[in-house]
Amino acid sequence: MKLSLDPQAINNALDGRWAEARRQGRTLALEEITHEDPADDLETTRAKTLAGVELMADTGLPMVALPPALGGRNEHATNIASFEETVTASPSLQVKAGVQFGLFGGAILHLGNAEQHDAWLVAAQTGKLLGSFAMTEIGHGSDVAAVGTTATYEVDKDEFVIDTPFRAATKEYIGNAARDARAAVVFAQLITNGVNHGVHAFFVPIRDEDGTILPGISIEDDGYKGGLKGVDNGRIVFEQVRIPRFNLLDRYGAVDADGKYTSPIDSPGRRFFTMLGTLVQGRVSLDGAAIVASKLALDIAVRYGLERKQFTTVDDINETTLLDYQQHQRRLMPAIASVYASAFALEKLLNSFEEVFSGADESEENRALLETRAAAFKADTTWMALDVIQECREACGGAGYMAENRLVGLRADLDIYATFEGDNTVLLQLAAKRLLGDYAKEFANIDVGGAARYIGTQAAEHTLYRTGLANAGLAISDVFTPQPRREADPVRTPAAFAAGDPARSHGLRPRAGAAPGDEDVGGRRGRPVQFQSA
């Protein structure tokens, strides 16, 4: 019996539920204007990247997450799936589009009210209003609650005054700020009637329609970075900049004309984390973009390995193809397996994301699960991408070091993915804290019988993982006991943490002379992650 493969059916399976959106995102790579030329100067590259963002806006994909009343379809994962694929054209395009449609537009969508949606949201998602997401400061990145920028309400003027009180409060690394943004969503300490109510988001114009910087605002260009040449990052300083009270994005905190503050969430801490939780899509999209970049690098390396020949191992005339060497297979095949696994995990993450943001299941438990997954997956896959791309570069030898073959550019561009939208180490601490919190709840009222059952469970898991029966057991369990949270269970087992650094699961080679288990993990060489409360 002759077996046949249907490539389209395989593509459909791999592209998953949002296959059409992914293909639309990839079509941008067919446009020459979206391709970066390493020889281009900074201004030319930025102009090309902006043109790519405008092309994406023309597809209508950034609109699909909006409510039907604004011309959208309330489909949030569709947008994420499409623009993470734009990495195939250029990581700069993916990041700049993410800032424009995901962060700037997303903040207005999730933190603003209906009137603010009417005023700014459609313009943002159609690319007519270019914007920035001004959260990070020179002095505070991961610790968002401590940002120094202030927004002080003045009752007699019915205005907020946005101010940068000291150098470390300068907004820094802000995408779109140096060149293109006309407005920014600015995160600042809301102060009214002498009381600081914590960090809130404000819509702040920063340039006029002609691109002239507005009074009271200073913008500096960050210039060249290690990668992402097409993204115009910059730093912003505010000096007594006045905005109307209307410009407070007030879904979680409002101020009336008399300066009275109200919020649907009484606890300041819970209010803050709820507000930030609405912006989780940035981490979800970086998870997907890192996977796409890894696929691209592997596609380049595998194709090269099938063509490049080296040494006459079979006879004295014909040289052997690189991919026929077992060592070459060992360096690429585990990476392919890791990327496939990460892609299937991403599909689950997108399903969870769609449930929460479409309103299908926005329970507090499901939101917490989404945030934990997004934090852990983003850390794991962005580190994986750096390791995979480097392995692919080395597997292509000198050809892999040529800029036109993209691998060195991909590695440089993806480097910062381990830092923005949350430093990876901090994100893993966040995930660990939540897992430990779940354990604490389980043990809060445990009795002797419960302790015995727990010990028995741990012993059974230990036996399974030591004997290689875990996969079979999980497969049988998934068939007969399909539970919504089942796929998260392996993360909670000691086996998940036994390897220390999750990057060790990527199948990378041990260093010469290394002790067993001391793998090379791309700069984190065998160092276990130390989890602590964050």
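Residues numbered from 1 in each chain as written. Predicted model: local features only at pLDDT ≥ 70, side-chain atom pairs only at ≥ 80, totals over all residues. Heavy atoms only, no water.

Participant: Explain the overall build of the protein chain to me, please; I cannot follow it from the model alone.
Facilitator: A count of helices and strands for the protein chain gives 15 helices and 11 strands. Taking all 534 residues of the protein chain together, 47% fall into the buried category. Contacts spanning at least 24 positions in sequence make up 70% of the contacts within the protein chain whose residues lie at least 6 apart. Accessible surface for the protein chain amounts to roughly 25,300 Å². Of this, 55% is attributable to carbon and sulfur atoms. (Helix = DSSP H or I, 4+ residues; strand = E, 2+ residues; numbered from the N terminus. Buried < 20%, exposed > 50% of the residue type's maximum accessible area, 1.4 Å probe, protein only. Contact = heavy atoms within 4.5 Å. Areas by Shrake-Rupley, 256 points an atom, 1.4 Å probe, with all protein chains shown as cover.)

Participant: For this particular structure, what's the right way to read the environment of Leu323?
Facilitator: By the element assignment, Leu323 lies in the loop between helix H8 (281–307) and helix H9 (326–358). Classification of Leu323 as buried rests on a relative accessible area of 11%. When the C-alpha positions of Leu323 and Tyr304 are compared, they lie 8.7 Å apart, and in sequence the two are 19 residues distant. Discounting chain neighbours no more than four positions away, the residues touching Leu323 are Val302, Gly305, Leu306, His328, Gln329 and Leu332.

Participant: Quick question: what am I supposed to make of the sheet that holds strand E4 (residues 171–174) here?
Facilitator: The strands that make up a sheet pair up through hydrogen bonds in the backbone, lying either parallel or antiparallel. The strand order across the open sheet formed by 3 strands is E4-E8-E7, and the pairing between neighbours is antiparallel. Strand pairing shows two members of the sheet lacking a second neighbour, E4 and strand E7 (217–221), which therefore form its edges. Neighbour-to-neighbour, the strand axes of this sheet turn through a mean angle of 20°, independent of strand direction. One ladder, built from 2 bridges, connects E4 with strand E8 (residues 234–238); its direction is antiparallel. Counted as the bridge partner of Lys171 is Ile236 from E8. (Pairing = 2+ DSSP bridges. Axes fitted to C-alpha atoms, helices over the stretch in contact; angles between N-to-C directions.)

Participant: Whenever I open this one, unusual backbone geometry confuses me. Can you help?
Facilitator: One non-glycine residue with positive phi stands out, namely Phe311, at about 70°. Here Phe311 is to be found in the loop between H8 and H9. Phe311 gets classed as exposed once you look at its relative accessible area, which sits at 58%. Here Arg406, not a glycine, exhibits a phi torsion of approximately 80°, which is positive.

Participant: What should I look at first to understand the nonpolar core in this one?
Facilitator: Nonpolar side chains tend to gather and get buried jointly when the protein is soluble and globular. Grouped together as the largest cluster of nonpolar side chains are 60 residues, with contacts concentrated most on Leu350, Phe353, Cys392 and Leu414. Those elements that place two or more of their residues in this core are helix H3 (42–59), helix H4 (76–84), helix H5 (91–111), H8, H9, helix H10 (364–395) and helix H11 (407–415). Residue contacts for Phe353: discarding those within four places in its chain leaves His76, Ala77, Ile80, Val280, Gln281, Val284 and Leu370. In this structure, Leu66, Phe133, Val144 and Ala183 belong to the second largest nonpolar core, which totals 30 residues. (Core = buried A, V, L, I, M, F, W, Y, C linked by side-chain atoms within 4.5 Å.)

Participant: Explain the pattern of salt bridges to me, please; I cannot follow it from the model alone.
Facilitator: Any two side chains of opposite charge can pair, so long as their charged atoms come close to each other. A complete count under the given rule lists 24 salt bridges for this structure. Put simply, Glu43 and Arg179 hold a salt bridge, and the shortest N to O gap is 2.9 Å. Remark: Arg179 occurs in the loop between E4 and strand E5 (183–192) and Glu43 occurs in helix H3; sequence separation between them is 136 residues. The partly exposed category is assigned to Glu43, whose relative accessible area is 44%. The closest approach of N and O atoms between Glu75 and Arg73, which form a salt bridge, is 3.1 Å. (Salt bridge = Lys/Arg side-chain N within 4 Å of Asp/Glu carboxyl O.)

Participant: Looking at this structure, how should I read helix H12 (residues 424–443)?
Facilitator: Residues separated by three or four positions in an α-helix point in the same direction, a consequence of the helix having 3.6 residues per turn. Under the 1.5 Å per step criterion, the end-to-end length of H12 is 29 Å for 20 residues, consistent within 8% with the ideal 28 Å. The backbone nitrogen of Thr425 lies 3.0 Å from a side-chain oxygen of the residue at the head of H12, namely Asp423. (Expected span 1.5 Å × (residues − 1). Polar contact = N/O pair within 3.5 Å; in protein donor to acceptor, adjacent residues only side chain to side chain.)

Participant: Looking at this model, I keep getting lost on the environment of Ala418. Mind explaining?
Facilitator: Here Ala418 lies in the loop between H11 and H12. Among the residues examined, Ala418 registers a relative accessible area of 12% and is labelled buried. For the pair Ala418 and Ala379, spaced 39 residues apart in sequence, the C-alpha to C-alpha distance is 6.7 Å.

Participant: So what exactly am I meant to see when it comes to the packing of helix H2 (residues 19–26) against H4 here?
Facilitator: Close contact between H2 and H4 brings their axes to 7 Å; oriented N to C, the two are set at 35°. In the crossing of H2 with H4, the sense of the turn from one axis to the other is right-handed. In this structure, H2 uses Ala21, Arg22 and Gly25 to contact H4, whose residues at the interface are Thr78, Ala81, Ser82 and Glu84. (Left-handed = near helix turned anticlockwise from the far one by under 90°.)

Participant: I'm lost on a nonpolar patch on the surface in this one. Help?
Facilitator: A surface patch of nonpolar side chains, about 510 Å² in accessible area, is lined by Leu5, Ile10, Leu14, Tyr340 and Phe344. By secondary structure assignment, the location of Leu5 is in the segment before helix H1 (7–15). (Patch = residues over 30% accessible without salt bridge, like charges linked within 9 Å, V, L, I, M, F, W, Y side chains within 5 Å.)

Participant: Would you explain the packing of aromatic side chains in this entry?
Facilitator: Aromatic ring pairs: the centre-centre distance and the angle between the two ring planes describe each pair. Following the criterion strictly, the structure yields 9 aromatic pairs and no others. A centroid spacing of 6.2 Å and a plane angle of 35° characterise the contact between Phe104 and Phe203, whose relative ring orientation is tilted. One end of the pair, Phe104, is in helix H5; the other, Phe203, is in strand E6 (residues 195–205), with 99 residues separating them in the sequence. Judged by its relative accessible area of 5%, Phe203 is buried. Between Tyr153 and Phe160, the aromatic rings sit 5.2 Å apart at their centres with planes inclined by 55°, giving tilted as the arrangement. For the pair shown, Tyr153 and Phe160 are each scored as buried. (Phe/Tyr/Trp six-rings, centres within 6.5 Å; stacked < 30°, edge-to-face > 60°.)

Participant: I tried to follow the packing of H5 against H8 on my own but got confused; where do I start?
Facilitator: Pairs of packed helices are described in terms of their axes, by the angle between the two and the distance that separates them. In contact at an axis separation of 10 Å, H5 and H8 are set at 155° when each is read in the N-to-C sense. One way to sum up the angle between H5 and H8 is to call them roughly antiparallel. Considering how the two elements wind past one another, H5 and H8 form a crossing that is right-handed. Packed against H5, whose contacting residues are Gln94, Gly102 and His110, the element H8 presents Gln281, Ser285, Leu286 and Ala289 at the interface. When the residues that make up the contact of H5 with H8 are grouped by side-chain class, the tally is 2 nonpolar, 5 polar and no charged. (Parallel < 35°, antiparallel > 145°, perpendicular 65-115°, else oblique. Nonpolar A, V, L, I, M, F, W, Y, C, P; charged D, E, K, R; others polar.)

Participant: What is the right way to read the state of the cysteines from this model?
Facilitator: By definition, a disulfide links the sulfur atoms of two cysteines through a covalent bond. Within this structure, the stated rule accounts for 0 disulfides. Not engaged in a disulfide, the cysteine Cys392 finds its nearest cysteine sulfur in Cys396; these two sulfurs lie 6.8 Å apart. Overall, the relative accessible area of 3% leaves Cys396 in the buried class. (Disulfide = S-S within 2.5 Å.)

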